[in-house]
Amino acid sequence: MFKCINRSAQFTTYIQSAGGRFCFNQDFRLVSSSPLRMTDPAVNRVVSDIIRSPEDKRVYRGLEFTNGLKAMLISDPTTDKSSAALDVQIGSLSDPANISGLAHFCEHMLFLGTKKYPKENEYSQFLSEHAGSSNAFTSGEHTNYYFDVSHEHLQGALDRFAQFFLCPLFDESCKDREVNAVDSEHEKNLMNDAWRLFQLEKATGNPNHPFSKFGTGNKLTLETRPSKDGIDIRQELLKFHSTYYSSNLMGLCVLGRESLDELTSMVVKLFGEVENKNVPVPEFPEHPFQEEHLRQFYKVVPIKDIRNLYVTFPIPDLQKYYKSNPGHYLGHLIGHEGPGSLLSELKSKGWVNTLVGGQKEGARGFMFFIINVDLTEEGLLHVEDIIFHMFQYIQKLRTEGPQEWVFEECKDLNKVGLQVQGQGATPWLHFQSGWFITLLPS
Ligand SMILES: [Zn+2]
């Protein structure tokens, strides 16, 4: 039962490295809500007892708004840059079947003018005048917007930022240019091994599953084909935005020099007004890889001079078990580097140098487990032997069954990891806001 394809860490959220550590560390965990007095009717719940590394001197506060939006505020009186990220739990898996890339196109168009700040480049100009920058990305089930700015200008930047979620214009005049921007992104991806293999993987599952969609989009899917079919792409964009951009699907993360109370009043004023359309979180209960899509072997000629073997297993969605984290347990063992490990055996044969094993997000409803190795020239001649060793090791784990001491070891390692980790760098914010949505119990 294997698929053999390439994949880049760029698209993975839950991969563990061989050392068994998360790539995206959790800087915080929400453990319970405390009845802090919060009189603003826009706020439903305040979470203050957030576990963090003793090395982390920042202070944190979680908020759940009455409109369902969840926010994490981080006060750091020493920061030079302030920053914010907002994640909408909607991505390209929710694109209409006939318009590939609409969620991504929406991400591009959202930046360009709002009712309050109609000037097209108001946001980017404000940020660049104040040592800031911004970016965004669209994945299968998330669209994420983020910026940083010189610490004195958080309020101004946040006001411009919030308008995207309150009153975007989606100005017709920007449409053609942004279609071209999306198209050139796609052209660039065509020469990138990770993107090519990502799309190959999508193409090898169930073609009727949303996972198979072409999420980036290009001129053909966003302009040529819709206009041939009489579809007004701007109308579709407005429809997509008004259907899915709902406060109950949003997670916000803001970091600034201000106190938690000041940050609270800043975000409540701006984001308390975002409309709640009570959109259900999209779920994809069926796995895109069914029996007939397995036992496939794909040989790929790369653009770059690389030799890799990527083995992917379909697994159920384990996210709801995040507290015990069974995927981490498996990744810890399969990715182990010590004596007797899979890696040490493959290395001793001279076939590989590195191995990464772990769970990888699919979307709500399905996940993957991957074992990726680089191949030496000799290893390239022994691909089937390497796969045989992988399955032998998996069989050994199956025969021996779950071991409590391994679980305890993982727990201790993660605990130590959290203690020595210190405070996250500002760029982590956009991931945190995505995590936040799924972690905060409703
Ligand atoms: Zn883009």
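These numbers come from a predicted model, not from an experiment.

(A) A look at the sheet that holds strand β6 (residues 70-75). Pairing is mixed across the open sheet formed by seven strands, whose spatial order is β3-β5-β6-β10-β7-β9-β8. Edge positions in the open sheet fall to β3 (43-47) and β8 (133-138), since each of these has one partner strand only. Across the sheet, the mean angle separating the axes of adjacent strands is 15° when strand polarity is ignored. By the bridge criterion, six bridges tie β8 to strand β9 (residues 143-150) in an arrangement that is antiparallel. The residue bridging Phe137 from the neighbouring strand is Asn144, located in β9. Against the sheet, helix α1 (residues 102-110) touches β8 and β9, its axis set at about 165° to β8.

(B) Layout of a nonpolar patch on the surface. A cluster of nonpolar side chains, namely Leu190, Met191 and Ile303, defines an oily patch on the protein surface of about 270 Å² accessible area. Mapped onto the elements of the fold, Leu190 is located in the loop between α4 (172-189) and α5 (193-203). For Leu190, a relative accessible area of 36% puts it in the partly exposed group.

(C) Inspection of the packing of aromatic side chains at higher detail. Within this structure, the stated rule accounts for 19 aromatic pairs. Relative to Tyr145, the ring of Phe111 has its centre 5.7 Å away and its plane inclined at 70°; by these criteria the two rings are edge-to-face. Here Tyr145 lies in strand β9 and Phe111 lies in the loop between α1 and α2 (122-129), a separation of 34 residues in the sequence. Summarising the aromatic geometry, the rings of Tyr123 and Phe147 are spaced 6.3 Å apart at their centres and angled 90° between planes, so their arrangement reads as edge-to-face. Of the two residues, Tyr123 is situated in helix α2 and Phe147 in strand β9; the sequence distance between them amounts to 24 residues. Classification of Tyr123 as buried rests on a relative accessible area of 4%. For Phe147, a relative accessible area of 3% translates into the label buried. Among the aromatic residues, ring-to-ring pairing joins Phe111, Tyr123, Tyr145, Phe147, Phe161, Phe164 and Phe165 into one connected group. One Lys or Arg, Lys202, reaches over the ring of Phe211 and ends 5.1 Å from the middle of that ring.

(D) Up close: the environment of Leu220. You can see Leu220 is positioned in helix α6 (residues 219-228). For the pair Leu220 and Val179, spaced 41 residues apart in sequence, the C-alpha to C-alpha distance is 9.5 Å. Once residues within four sequence positions are removed from consideration, Leu220 is found in contact with Arg225 and Pro226.

(E) Structural detail: the side chain of Thr216. Relative to the elements of secondary structure, Thr216 occurs in the loop between α5 and α6. Relative accessible area serves as the criterion here: at 8%, Thr216 is assigned to the buried category. If we skip the residues at most four places from it in the chain, Thr216 touches Gly101, His104, Val182, Glu185, His186, Asn189 and Trp195.

(F) Inspection of the coordination of the zinc ion at higher detail. Protein coordination of the zinc ion is provided by His104 (NE2), His108 (NE2), Glu185 (OE) and Glu185 (OE), with donor distances spanning 2.0 to 2.7 Å. With four donor atoms in place around the zinc ion and angles of 54 to 133° between them, the coordination shape is irregular. Read N to C, the donor residues that coordinate the zinc ion are spaced as H-x3-H-x76-E. Of this pair, His104 sits in helix α1 while Glu185 sits in helix α4, placing them 81 residues apart in sequence. Of the residues examined, His104 reaches a relative accessible area of 5% and is grouped as buried.

Cut-offs used in this document
Residues numbered from 1 in each chain as written. Predicted model: local features only at pLDDT ≥ 70, side-chain atom pairs only at ≥ 80, totals over all residues. Heavy atoms only, no water. Pairing = 2+ DSSP bridges. Helix = DSSP H or I, 4+ residues; strand = E, 2+ residues; numbered from the N terminus. Axes fitted to C-alpha atoms, helices over the stretch in contact; angles between N-to-C directions. Contact = heavy atoms within 4.5 Å. Patch = residues over 30% accessible without salt bridge, like charges linked within 9 Å, V, L, I, M, F, W, Y side chains within 5 Å. Areas by Shrake-Rupley, 256 points an atom, 1.4 Å probe, with all protein chains shown as cover. Salt bridge = Lys/Arg side-chain N within 4 Å of Asp/Glu carboxyl O. Buried < 20%, exposed > 50% of the residue type's maximum accessible area, 1.4 Å probe, protein only. Phe/Tyr/Trp six-rings, centres within 6.5 Å; stacked < 30°, edge-to-face > 60°. Lys NZ or Arg CZ within 6 Å of the ring centre and 35° of its normal. Donors = N, O, S within 2.8 Å, 3.2 Å for Na, K, Ca; no water. Tetrahedral: all angles 85-135°; square planar, octahedral: opposite > 155°, others 65-115°.

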